[in-house]
Amino acid sequence: MTDAFDHAARLLADAPRILVFTGAGISTESGIPDFRGPDGLWTKVDPDDFTIQRYRANREVRVARWKMHQQGALWGARSSVRPNRAHEAVVELWRGGRMSGCVTQNIDGLHQAAGLPDDQVAELHGNIRKVHCLGCGARWETEEVLRWVDAGEEDPSCPHCGGLVKTTTVMFGEYLPLDQVQRAERFAAEADAVLVVGSTLSVYPAAQIPLDVVRRGGPMVIVNLGPTDGDRLAAARIEGKAGDVLPRLVDAILSSS
């Protein structure tokens, strides 16, 4: 790993602005399983229950979902999950002035919990710790809506328009949030290199963002356990856990400044 690590560190040290692109692999060390792995979410629940069509149509699905949130499941407002060393390393890269922004496929909000400002994170698949109304667009913190559930609202509705409410996570059948996509595109346009952490780069259109940097000639460094769909385009690839690799890699980048 030393040769690959040293090569990756040199590539990123030479890049004034680095786009960080993260997937499920950065959060597994916080106790959050991925979706498609052998112990992933889809082995425990029916993926069809995570379609926007079923959520809108089926009260039982909505009641069950809010009960899961109320019990601290799904890594939301009442979950015990916390950022790990990899999340903290990304914050250090930002504090060092070397990051164009962080684009994430994750919905857990752990980048912000580790210390990244909201405006430095583009959440392509939404955030489970925030809720919006599907009717009028009103927004709340998830914990506030859970207090409605605690008070007896099994299937909470918007107090302004009576519409259905759901977390801002993107369900199957929904478009990616335009404001987050535009922020991600801006981060990519400003980047000289891209650091991919814990993503197989197999889910589109999210995977298009780091590839935009590659198409403009910027090097892509991948840190992941297992192969990814972007390996052939990577200038360097480090096989390893994000929490083991990222703190060392960020230290090497910042110490070269």
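Quick note: structure is the one above.
In what follows, the accompanying structure is described. Fair warning: this is a prediction, and the values are worked out from it, not measured in the lab. (Residues numbered from 1 in each chain as written. Predicted model: local features only at pLDDT ≥ 70, side-chain atom pairs only at ≥ 80, totals over all residues. Heavy atoms only, no water.)

### Re the sheet that holds strand E5 (residues 139–141)
- Strand order in the open sheet formed by three strands is E5-E4-E6, and the pairing between neighbours is antiparallel. On the outer flanks of this sheet lie E5 and strand E6 (165–167), each paired with one strand and no other. Averaged over all adjacent pairs, the angle separating strand axes in this sheet is 25°, with direction ignored.
- Its contacts with the sheet put helix H6 (residues 142–150) on strand E4 (130–133), E5 and E6, and the angle it makes with E5 is roughly 85°. (Pairing = 2+ DSSP bridges. Helix = DSSP H or I, 4+ residues; strand = E, 2+ residues; numbered from the N terminus. Axes fitted to C-alpha atoms, helices over the stretch in contact; angles between N-to-C directions. Contact = heavy atoms within 4.5 Å.)

### Let's talk about the pattern of salt bridges
- One pass over the structure, following the stated rule, counts 11 salt bridges.
- In this structure, the salt-bridge partner of Asp231 is Arg237, at a minimum N-O distance of 3.0 Å.
- Note on Asp231: relative accessible area 24%, which makes it partly exposed.
- Residues joined by salt bridges that share partners form a network here, namely Asp231, Arg237 and Glu239. (Salt bridge = Lys/Arg side-chain N within 4 Å of Asp/Glu carboxyl O. Buried < 20%, exposed > 50% of the residue type's maximum accessible area, 1.4 Å probe, protein only.)

### Side note on the packing of aromatic side chains
- One pass over the full model with this rule turns up one aromatic pair.
- Note on Trp140 and Trp148: the rings are 5.3 Å apart at their centroids and 75° apart in plane angle, and the pair reads as edge-to-face. The two residues Trp140 and Trp148 agree in class, both being buried.
- The positively charged end of Arg65 is found above the aromatic ring belonging to Phe50, 4.1 Å away from the centroid.
- Its end group placed over the ring of Phe5, Arg248 keeps NZ or CZ at 4.1 Å from the ring centre. (Phe/Tyr/Trp six-rings, centres within 6.5 Å; stacked < 30°, edge-to-face > 60°. Lys NZ or Arg CZ within 6 Å of the ring centre and 35° of its normal.)

### Remarks on the side chain of Thr51
- Secondary-structure assignment places Thr51 in the loop between strand E1 (18–22) and helix H2 (52–57).
- Among the residues examined, Thr51 registers a relative accessible area of 17% and is labelled buried.
- A distance of 3.2 Å separates a polar side-chain atom of Thr51 from the backbone nitrogen of Arg54.
- Residues contacting Thr51, with those up to four places away along its chain left out, are Met171 and Phe172. (Polar contact = N/O pair within 3.5 Å; in protein donor to acceptor, adjacent residues only side chain to side chain.)

### Some details on the packing of helix H3 (residues 59–70) against H6
- Close contact between H3 and H6 brings their axes to 10 Å; oriented N to C, the two are set at 110°. With respect to H6, the axis of H3 lies roughly perpendicular. Across from Trp66, His69 and Gln70 in H3, the residues of H6 making contact are Thr142, Val145, Leu146, Val149 and Asp150.
- A per-class count over the contact of H3 with H6 returns four nonpolar, three polar and one charged. (Parallel < 35°, antiparallel > 145°, perpendicular 65-115°, else oblique. Nonpolar A, V, L, I, M, F, W, Y, C, P; charged D, E, K, R; others polar.)

### Topic: H3
- Relative to the 16 Å expected for 12 residues at 1.5 Å per residue, H3 spans 16 Å between its end C-alpha atoms, a close match to the ideal helical length.
- The set of residues buried in H3 consists of Val61, Arg62, Val63, Arg65, Trp66 and His69.
- Of the surrounding elements, those touching the buried residues of H3 are H2, E4, H6 and E6.
- For H3, the N-terminal capping position is held by Asn58, with its side-chain oxygen 2.9 Å away from the main-chain nitrogen of Glu60.
- Two residues or fewer after H3 comes Gly72, characterised by a positive phi angle close to 90°. (Expected span 1.5 Å × (residues − 1).)

### A word on the sheet that holds strand E3 (residues 121–123)
- Ordered by their spatial adjacency, six strands build an open sheet running E3-E2-E1-E7-E8-E9, and the pairing between neighbours is parallel. The outermost strands of the open sheet, each flanked by one partner alone, are E3 and strand E9 (236–239). Here the strands of the sheet are splayed against their neighbours by 15° on average, with no regard to which way each runs.
- Where strand E7 (residues 193–197) meets strand E8 (residues 220–224), four bridges bridge the pair, whose relative direction is parallel.

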